[in-house]
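The primary structure of each chain is shown beneath.
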Amino acid sequence: MEDATIIAFILALKSFESLNVLKMQISFLGVVFNWTVVIANRQITTSKHSFGILTANQALGDALYSTIFLFYVCPMIYLNSFRKNETLSNYSMYAGYWLLVCYELSTQSHFLISCNRFCAVFYPVKYSSIFSVTNTYRLAFVVNITSLALTFVDYFVGCPLNWHSELFLFNFPSTTFCQIVAFYADFCKYLVFILLVIIIDVATIQSSTTVSDKKAAAQRSREMSFLKQTCVQGGIFTCELITYFILSPMIENPWILFFCTSFAWVSVHSLDGFVTLMFNQDMRKFVKNVIVCRGKYEDTSRTGNTTDRASKISNVVKPESN
């Protein structure tokens, strides 16, 4: 009987170790995808518009989240679960704080991106003034400050997000007060954001066909790609919210609980960057030319700029020669 217990314990350890490796792999992909989006937005000139700025701000939150998870949380889980070293887990509340900040930043950026697409479809004339570059940077700054402040409230009232090794997930303290704070300040808040995103996206999709028919084919294709990106990312966030807050309290199996909470929480941020790379044509070109072709994109851009300058100079010189 004791041998069977020892074997079961070893198998459980091996299974948890495999889950931690899976987390590490997902986090690594999130680091690669999201930092690629952030870097590409700084390099691609066509991304210097409101949608590109908001996408970069969202990707920054996802990239920081994935980075914290890869370089702090995964080693913490390994040391705590398999080496019985609680050095990192004793400070898990600080990691939890920044993870919540990044989640808040990503969620609010999703909402702004949906509003951006809605305005582009319904108010195309006023779109450039409402979502000007200056206004967009201001909105991004407000979102970043708000994310820091709202998350700080949870910690100020004594409800930090800590790592619970027995549950293999981050969770708030089990006190009645903290559970109420978590329900209203987190679940209800995120639910409202996601519902608004869904409503705005549905309304935008229904009207985008008739409105975009008046636009040029290339511009219509570009706008639809942005809209698809927004809708897919909103759908992923909705699924994560449902599994984490609604389904997980009803689950007792530790493996299923892991996939509905920790795995879902990590995956949603990794998928954000992946979806952006898949639906954004400029991002795909950047990855193809810079990574695959090893810098050809930069050389081509410089050649193109040189050609444009040369043509402008020739146009100026020609009238003078006449």
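Keep in mind that this is a model prediction, so the values were computed, not measured. (Residues numbered from 1 in each chain as written. Predicted model: local features only at pLDDT ≥ 70, side-chain atom pairs only at ≥ 80, totals over all residues. Heavy atoms only, no water.)

K.L.:
Could you clarify how one ought to interpret the pattern of salt bridges in this entry?
P.N.:
It is possible for side chains bearing opposite charge to pair when their charged atoms get close. A full pass over the atoms with the stated rule returns 1 salt bridge. Note that Glu 104 and Lys 189 form a salt bridge whose closest N and O atoms lie 2.7 Å from each other. In this pair, Glu 104 is assigned in helix H3 (residues 92-122) and Lys 189 in helix H6 (residues 176-212), connecting sequence segments 85 residues apart. We classify Glu 104 as buried; its relative accessible area is 1%. (Salt bridge = Lys/Arg side-chain N within 4 Å of Asp/Glu carboxyl O. Helix = DSSP H or I, 4+ residues; strand = E, 2+ residues; numbered from the N terminus. Buried < 20%, exposed > 50% of the residue type's maximum accessible area, 1.4 Å probe, protein only.)

K.L.:
Even after reading the chapter, I still don't get the layout of surface pockets, so can you show me in this structure?
P.N.:
In this approach, a probe sized like a water molecule rolls over the atoms, and the result shows the empty space that is left. Put simply, the largest pocket is a space of about 460 Å³. In terms of lining, the largest pocket is formed by 22 residues, of which the most central are Asn 171, Phe 172, Tyr 244, Phe 245 and Ser 248. Among the elements of the structure, H3, strand E2 (169-171), H6 and helix H7 (217-247) are those that each provide at least two residues to the lining of the largest pocket. Grouping the constituent residues of the lining of the largest pocket by class yields 16 nonpolar, 4 polar and 2 charged. (1 Å grid on protein atoms, 1.4 Å probe; cavity = no way out; pocket = protein on both sides within 12 Å on 5 of 7 lines; lining within 4 Å. Points joined across faces, edges and corners; volume = space filled by probe spheres on them. Nonpolar A, V, L, I, M, F, W, Y, C, P; charged D, E, K, R; others polar.)

K.L.:
Sorry, what's going on with the packing of H3 against helix H5 (residues 133-156) here?
P.N.:
The relative placement of two packed helices is expressed as an angle between their axes plus a distance between the axes. Interhelical geometry of H3 versus H5 gives an angle of 140° and a closest axis separation of 9 Å. By the angle between their directions, the pair H3 and H5 is classed as oblique. Crossing handedness for the pair H3 and H5: right-handed. Residues Met 93, Gly 96, Tyr 97, Trp 98, Leu 100, Val 101, Glu 104, Leu 105, Gln 108, Ser 109 and Leu 112 of H3 touch H5, and the partners they reach there are Leu 139, Val 143, Asn 144, Thr 146, Ser 147, Leu 148, Leu 150, Thr 151, Phe 152, Asp 154 and Tyr 155. Grouping the amino acids of the contact of H3 with H5 by side-chain chemistry returns 13 nonpolar, 7 polar and 2 charged. (Axes fitted to C-alpha atoms, helices over the stretch in contact; angles between N-to-C directions. Parallel < 35°, antiparallel > 145°, perpendicular 65-115°, else oblique. Left-handed = near helix turned anticlockwise from the far one by under 90°. Contact = heavy atoms within 4.5 Å.)

K.L.:
Would you explain a nonpolar patch on the surface in this entry?
P.N.:
Residues Trp 98, Phe 141, Val 142, Ile 145 and Leu 148 make up a contiguous nonpolar surface patch of roughly 480 Å² in combined accessible area. By secondary structure assignment, the location of Trp 98 is in helix H3. Given a relative accessible area of 43%, Trp 98 falls into the partly exposed group. (Patch = residues over 30% accessible without salt bridge, like charges linked within 9 Å, V, L, I, M, F, W, Y side chains within 5 Å. Areas by Shrake-Rupley, 256 points an atom, 1.4 Å probe, with all protein chains shown as cover.)

K.L.:
Can you help me understand the UniProt feature "transmembrane region" (unreviewed entry) in the protein in this one?
P.N.:
As recorded in UniProt, the sites labelled "transmembrane region" (unreviewed entry) are residues 21-40, 60-79, 137-156, 231-250 and 256-279. Between the end C-alpha atoms of residues 60-79 the distance is 28 Å, and the span holds 100% helix and 0% strand. Across residues 137-156, the secondary structure splits into 100% helix and 0% strand, with the terminal C-alpha atoms separated by 28 Å. (UniProt positions renumbered as here; feature names shortened; annotations may be inferred.)

K.L.:
Looking at this model, I keep getting lost on the nonpolar core. Mind explaining?
P.N.:
The nonpolar side chains of soluble globular proteins are, as a tendency, buried together. Grouped together as the largest cluster of nonpolar side chains are 32 residues, with contacts concentrated most on Phe 170 and Trp 265. Elements with a minimum of two residues in this core: helix H1 (2-43), helix H2 (50-82), H3, H6, H7 and helix H9 (262-279). Core analysis: the next-biggest nonpolar cluster, separate from the first, contains 11 residues, Leu 54, Leu 105, Cys 119 and Val 143 among them. (Core = buried A, V, L, I, M, F, W, Y, C linked by side-chain atoms within 4.5 Å.)

K.L.:
Can you walk me through H9 in this structure?
P.N.:
Since the α-helix advances by 3.6 residues per turn, residues separated by three or four positions end up pointing in the same direction. Relative to the 26 Å expected for 18 residues at 1.5 Å per residue, H9 spans 26 Å between its end C-alpha atoms, a close match to the ideal helical length. Along H9, 13 of the 18 residues are buried, which leaves the element largely enclosed by surrounding structure. (Expected span 1.5 Å × (residues − 1).)

K.L.:
How should I be thinking about the packing of H3 against H9 in this particular structure?
P.N.:
Two elements in contact, H3 and H9, have axes separated by 12 Å at closest approach and are oriented at 50°. On the basis of their axis angle, the class for H3 and H9 is oblique. For the pair H3 and H9, the crossing hand works out as left-handed. Listed contacts from H9 to Leu 99, Leu 100, Cys 102, Tyr 103, Ser 106 and His 110 of H3 are Trp 265, His 269 and Asp 272. Class assignment for the residues of the contact of H3 with H9 results in 5 nonpolar, 3 polar and 1 charged.

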